[in-house]
Amino acid sequence: MTRFGPAGNSQSFYDAGHKSSVEAPKWLHSIGLSAYEYQCNKGVNISKEKARQIGEEAKKYDILISIHAPYYINFGSQEEDKLKKSKEYIYQCIEVAKEMKAERIVFHPGSCAKIDRKFAFETAKKALLEVVSVVKEMKAEGIFLCPETMGKKNNLGSVDEIIEICKLDEIFLPTVDFGHINAFTGGSLRTKEDFVNLLKKFINQLGYERMKRFHSHFSRIEYTSQGEKKHWNYEDKQYEPDFEPLAEALVELDLEPVIICESKDYMSEDAVLLKKIYLETLEKRM
């Protein structure tokens, strides 16, 4: 089952009178969504009790929970203190995920803005192997670490780099951010064949069973020669990519990912729209 949901809470959630993310699973279920990415972008600042309550509500309403780890993570850093903090953010997210019954932790691999990219990437791989070793001691069965494909040229997280990270251990499951990939490559995702070829690359390298339920992000993204500039909403059709060819590719390849919508303001509304497009595509193939 392909699941759709928002990254965090959209304005309409609050406009409907809701104040706490504990109320999100029920609300998402009421509008036909079945996934939710809890945002720890600016730090892991949630109590165990609140995390547990979100998890209980998510189970009640069949909402798959993922957690987005802090933006401050940089496994490519040459500073020991920053590497240590990056590891700690993952461990903190693991503890929250255990309470929240979250299945996936999304994280940005890091930056290579000031140093050689290959050197930064080797540093990141070494640090991530250490993270895997610790996470496995934390009794975190069923929780995947999901490195994200990035949109800016000075960030680690190209398609090839994410595949290489995922080859380090089965605990890694890729977060394929289609808007980021399109921005990073200067607009390579336009046709169904573009999406099929991209997904086949992941499948050929990581295996179909692993990719069957991969994690993903989708939004239209404005970009420059340096990659990602700004997220937009799905109605902002002057920006790419379109979802229709991706829906066709997912149906053709029989993939059932979790698709988290990262539109600028209307994450939930656009997630509902993406689901509608997907179901219409599925119906045509039957």
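Refer to the structure presented above.
So, how was this worked out
- Residues numbered from 1 in each chain as written.
- Predicted model: local features only at pLDDT ≥ 70, side-chain atom pairs only at ≥ 80, totals over all residues.
- Heavy atoms only, no water.
- Core = buried A, V, L, I, M, F, W, Y, C linked by side-chain atoms within 4.5 Å.
- Buried < 20%, exposed > 50% of the residue type's maximum accessible area, 1.4 Å probe, protein only.
- Helix = DSSP H or I, 4+ residues; strand = E, 2+ residues; numbered from the N terminus.
- Pairing = 2+ DSSP bridges.
- Axes fitted to C-alpha atoms, helices over the stretch in contact; angles between N-to-C directions.
- Phe/Tyr/Trp six-rings, centres within 6.5 Å; stacked < 30°, edge-to-face > 60°.
- Left-handed = near helix turned anticlockwise from the far one by under 90°.
- Contact = heavy atoms within 4.5 Å.
- Nonpolar A, V, L, I, M, F, W, Y, C, P; charged D, E, K, R; others polar.
- 1 Å grid on protein atoms, 1.4 Å probe; cavity = no way out; pocket = protein on both sides within 12 Å on 5 of 7 lines; lining within 4 Å.
- Points joined across faces, edges and corners; volume = space filled by probe spheres on them.

Caption draft 1: Seen up close, the nonpolar core. In terms of nonpolar packing, the biggest core is built from 84 residues, with Ile-67, Phe-75, Met-100, Leu-145, Phe-178 and Phe-243 touching the most fellow members. Per element, the largest residue contribution to this core is nine residues, and it comes from helix α4 (residues 80–100). In this structure, Ala-35, Leu-64, Val-258 and Ile-260 belong to the second largest nonpolar core, which totals five residues.

Caption draft 2: Structural detail: the sheet that holds strand β6 (residues 144–147). Strand order in this open sheet of four strands is β2-β3-β4-β6, and the pairing throughout is parallel. Two strands bound the open sheet, and with one partner strand each, they are β2 (35–39) and β6. Pairwise comparison of adjacent strand axes, ignoring direction, gives a mean angle of 25 degrees for this sheet. Note: β2 against strand β3 (residues 64–68), five bridges, orientation parallel. Paired with Glu-37 across the bridge in β3 is Ser-66.

Caption draft 3: Geometry of the packing of aromatic side chains. Tallied over the entire structure, the rule returns 11 aromatic pairs. Considering the side-chain rings of Phe-4 and Tyr-278, the 5.7 Å spacing of their centres and the 50 degrees angle between planes classify their relative orientation as tilted. Of the two residues, Phe-4 is situated in strand β1 (residues 3–6) and Tyr-278 in helix α11 (residues 267–285); the sequence distance between them amounts to 274 residues. Assigned by exposure class, Phe-4 and Tyr-278 land together as buried. In textbook terms, an aromatic cluster arises when at least three aromatic residues are bridged by ring pairs, as seen for Phe-4, Phe-218, Tyr-234, Phe-243 and Tyr-278.

Caption draft 4: Region of the structure containing the packing of α4 against helix α5 (residues 117–137). Interaxial distance between α4 and α5 falls to 11 Å at its minimum, and their mutual angle equals 35 degrees. Note that α4 runs across α5; the crossing there is right-handed. Contacts between α4 and α5 involve Leu-83, Lys-87, Ile-90, Tyr-91 and Ile-94 from the former and Thr-123, Ala-127, Glu-130, Val-131, Val-134 and Val-135 from the latter. The class makeup of the residues in the contact of α4 with α5 is eight nonpolar, one polar and two charged.

Caption draft 5: Looking closely at the layout of surface pockets. The computed volume of the largest pocket comes to approximately 470 Å³. Listed by contribution, the elements that provide at least two residues to the lining of the largest pocket are β5 (110–111) and β11 (227–232). Within the lining of the largest pocket, the residues separate by chemical class into six nonpolar, 11 polar and five charged.

Purely spatial values, then, with no claim about function.
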